[in-house]
Amino acid sequence: KLGNPVVERYREAEERPKAFEELGRRLQHYTKIIEEYKNQSADYLHITATDMEKVEKCVRETMEWMNNAMNLQAKQHLDQNPVVYVRDIKAQLSALDGSCHRIVTQPKPKVDSPKSDKPVNGMNHNDDLKDEKNKSVPTSQQNGKCQPTDKETIDMDFD
């Protein structure tokens, strides 16, 4: 009864700075992405402005929460129960990731390249078609049609 609260406060005092540090790093990561978006980085131009505003709002709110929690915790003595627990910090971190990660990691839309008449392997596509027409192909095999003048006719029984 007497030792458990002391052990819990000690454990919280040891783990809380690491949790705040992780949350701070994640906030910096998303802030950097927001800045790159504002600087029109090609990596994030495909994200809509409303989605990026959501990320910015979430980052701002989480940063305010973290600063308030750190200030309140700094006022507490080590022999008092903590104002903010590690589980609360982890919950904020997962909420931040849940709302921001899927937005900033959206894949770029695939752009269909228009077909052009640029030569491929040094030859133009139209040159290939001309070469095919100039080849000597028996008339019975052109366009997959059978010619009635074929000398070899196979009689088939149809059921």
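Residues numbered from 1 in each chain as written. Predicted model: local features only at pLDDT ≥ 70, side-chain atom pairs only at ≥ 80, totals over all residues. Heavy atoms only, no water.

Across the interface, helix H2 (residues 49-75) lies against helix H3 (residues 86-104) with an axial gap of 9 Å and an inter-helix angle of 165°. If you check the angle between H2 and H3, you find them roughly antiparallel. Relative to H3, H2 is oriented so that their crossing is left-handed. In this structure, H2 uses Asp-51, Lys-54, Val-55, Cys-58, Val-59, Thr-62 and Trp-65 to contact H3, whose residues at the interface are Asp-88, Ile-89, Gln-92, Leu-96, Ser-99, Cys-100, Ile-103 and Val-104. Its residues assigned to classes, the contact of H2 with H3 comprises nine nonpolar, three polar and three charged. (Axes fitted to C-alpha atoms, helices over the stretch in contact; angles between N-to-C directions. Helix = DSSP H or I, 4+ residues; strand = E, 2+ residues; numbered from the N terminus. Parallel < 35°, antiparallel > 145°, perpendicular 65-115°, else oblique. Left-handed = near helix turned anticlockwise from the far one by under 90°. Contact = heavy atoms within 4.5 Å. Nonpolar A, V, L, I, M, F, W, Y, C, P; charged D, E, K, R; others polar.)

Another aspect to go through is the pattern of salt bridges. Summed over all chains, the structure comprises seven salt bridges. For Glu-12, the salt bridge is made with Arg-11, and the minimal N-O distance between the two is 3.8 Å. Measuring nitrogen to oxygen at the nearest pair gives 3.1 Å for the salt bridge that ties Glu-56 to Lys-38. Separated by 18 residues along the polypeptide, Glu-56 in helix H2 and Lys-38 in helix H1 (residues 3-38) bring together distant segments of the chain. (Salt bridge = Lys/Arg side-chain N within 4 Å of Asp/Glu carboxyl O.)

Further remarks concern the nonpolar core. Judged by nonpolar contacts, the single largest core of 24 residues is most densely connected at Leu-23, Tyr-30, Met-52, Val-55, Val-59, Leu-96 and Cys-100. For this core, the secondary-structure elements that each account for two or more residues are H1, H2 and H3. Of the residues forming this core, the biggest block, eight residues, is contributed by H1. Setting aside anything within four residues of it in sequence, one finds Leu-23 in contact with Thr-62, Trp-65, Met-66, Ile-89, Gln-92, Leu-93 and Leu-96. (Core = buried A, V, L, I, M, F, W, Y, C linked by side-chain atoms within 4.5 Å. Buried < 20%, exposed > 50% of the residue type's maximum accessible area, 1.4 Å probe, protein only.)

Let's shift gears to the environment of His-101. Tracing the chain through its elements places His-101 in helix H3. Residue classification places His-101 among the partly exposed residues on the basis of a relative accessible area of 44%. Distance from His-101 to Tyr-30, taken between C-alpha atoms, is 8.6 Å for residues 71 residues apart in sequence. Filtering out sequence-adjacent residues up to four positions away, His-101 remains in contact with Tyr-30 and Leu-96.

At a closest axis distance of 9 Å, the pairing of H1 and H3 adopts a crossing angle of 15°. When the interaxial angle is binned, H1 and H3 end up roughly parallel. Between H1 and H3 lies a crossing of left-handed hand. Along its contact with H1, which presents Glu-12, Glu-15, Arg-16, Ala-19, Phe-20, Glu-22, Leu-23, Arg-26, Leu-27, Tyr-30 and Ile-33, the element H3 presents Val-86, Ile-89, Gln-92, Leu-93, Leu-96, Asp-97, Cys-100, His-101 and Val-104. Looking at the contact of H1 with H3, its residues break down into twelve nonpolar, two polar and six charged.

Here we come to the side chain of Glu-12. Following the sequence through the fold, Glu-12 ends up in helix H1. If near-sequence neighbours (up to four positions away) are discounted, Glu-12 is found in contact with Pro-17, Pro-82, Val-84, Tyr-85 and Val-86.

Moving on to H3. Over its 19 residues, H3 runs 26 Å from end to end, which matches the ideal 27 Å to within 8%, given 1.5 Å per residue. Along H3, the largest kink reaches about 30° and is centred on Gly-98. Residues of H3 that are buried: Val-86, Ile-89, Leu-93, Leu-96, Cys-100, Ile-103 and Val-104. On its buried face, H3 is in contact with H1 and H2. (Expected span 1.5 Å × (residues − 1). Bend = angle between axes of the 7 residues up to and from the residue.)

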